[in-house]
Amino acid sequence: RRRHGYDEAAAFARDRDRGRGAATGPSEAEEHARVLFCLGGPGAGKGTQCARLEHEFGWAHVSAGELLRAARAGGSEESRVIADCLDRGAIVPVAVTLRLLRRAIDEATRRGAPVVVVDGFPRNADNVEGWEADAATKGLDVRGVLFYDVPHDVLLQRIAVRGASGERDDDDAETARRRIRVYEEATRPIVDLYARRGALLSVRGEGDVEEVWRLTKEALAPLVGAQEE
Ligand code: UP5
Ligand code: MG
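Residues numbered from 1 in each chain as written. Chains lettered and ligands numbered in written order. Predicted model: local features only at pLDDT ≥ 70, side-chain atom pairs only at ≥ 80, totals over all residues. Heavy atoms only, no water.

The next thing to look at is the overall build of the chain. For the chain, the helix and strand inventory stands at 11 helices and 5 strands. Across the 229 residues of the chain, 48% fall into the buried class. When contacts within the chain are restricted to residue pairs at least 6 apart in sequence, those whose partners lie at least 24 apart make up 75%. Carbon and sulfur atoms provide 50% of the accessible area of the chain, an area that totals close to 11400 Å². (Helix = DSSP H or I, 4+ residues; strand = E, 2+ residues; numbered from the N terminus. Buried < 20%, exposed > 50% of the residue type's maximum accessible area, 1.4 Å probe, protein only. Contact = heavy atoms within 4.5 Å. Areas by Shrake-Rupley, 256 points an atom, 1.4 Å probe, with all protein chains shown as cover.)

In structure tokens:
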């Protein structure tokens, strides 16, 4: 299964090289890590499906939210800024998020991950501008945005279920509603931006995990599956 995933990832790379045309030779193209952003509302299933891409395709899963949750501990000024944003469901200043992402993407690339899926980023216009202005991410080849489309009532219900386990501090009903509001106001326009750029791979995410996984593979087919059975 995993092998199959690597084969698909190789097809992904071949498509990418073909897409670049003759101007960029494969050797130069190989130096660019391939990145796929993953967006969707809070509780949309980003983490669940990205873990699956990691497990079955051998892709690297880099979750911006998880990096931030890990970085909120500690007494630094930056940790306090992160903690304050997470507790309010607000978006952390892009410089902070980018620094964490750069390091994680670097590590994944060094490990030889064929594709790095960046989960939960970019969340607003500042995030997009910061990413695009950053010298370190310039060499990365962003292939598109995997987008999970899930109605609000389903998002709230999933967060309520997880909230009962106390797994995440931001799953209480009030913060969940705030996260949905921030998503609608700040992140939806970014989803629309990538749609206009022709780079959105949209998935109906309201079914069960298996159903959404099937639709995920379907949505990724233009990238990985041209040669798939
Ligand atoms: N579940 C998953 N799929 C299901 C399915 N098909 N059917 C039924 N249940 C399903 O899933 C959520 C829950 O639903 C889980 O219990 C799961 O088992 C179940 P999950 O896969 O975790 O969904 P996900 O989309 O990852 O939800 P998450 O809550 O992680 O989304 P958020 O976007 O809210 O969280 P994230 O970690 O990305 O960000 C958290 C905060 O970090 C943000 O609010 C913000 O403050 C900050 N942040 C930034 O500031 N900048 C960033 O760049 C990123 C984050
Ligand atoms: Mg998540």
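With an omega of 0°, the peptide bond running from F121 to P122 counts as cis. With respect to the helices, strands and loops of the structure, P122 is situated in the loop between β3 (116-119) and α7 (125-133).

Relative to the 16 Å expected for 12 residues at 1.5 Å per residue, helix α3 (residues 46-57) spans 16 Å between its end C-alpha atoms, a close match to the ideal helical length. Here α3 has its buried residues at K46, Q49, C50, R52, L53, E56 and F57. All buried residues of α3 project into a common sector of 155° when viewed along the axis, lining one side. Count one or two residues on from α3 and you reach G58, which has phi positive near 75°. (Expected span 1.5 Å × (residues − 1). Arc of directions from axis to C-beta.)

By convention here, two paired aromatic rings are described through the distance between centres and the angle between planes. Counted according to the given criterion, the structure contains 6 aromatic pairs. Centre to centre, the rings of F37 and W131 are 5.0 Å apart; their planes meet at 75°, and the pair counts as edge-to-face. Of this pair, F37 sits in strand β1 (residues 34-40) while W131 sits in helix α7, and the two are 94 residues apart along the sequence. Across the pair, exposure class does not vary: F37 and W131 are buried alike. Ring centres of F37 and Y194 lie 6.1 Å apart, and the angle between their planes is 70°; on these two criteria the pair is classed as edge-to-face. A residue pair is termed long-range when its members are at least 10 positions apart, and F37 in strand β1 and Y194 in helix α10 (residues 173-196) qualify at 157 residues. Accessibility classification places F37 together with Y194 in one group, the buried group. (Phe/Tyr/Trp six-rings, centres within 6.5 Å; stacked < 30°, edge-to-face > 60°.)

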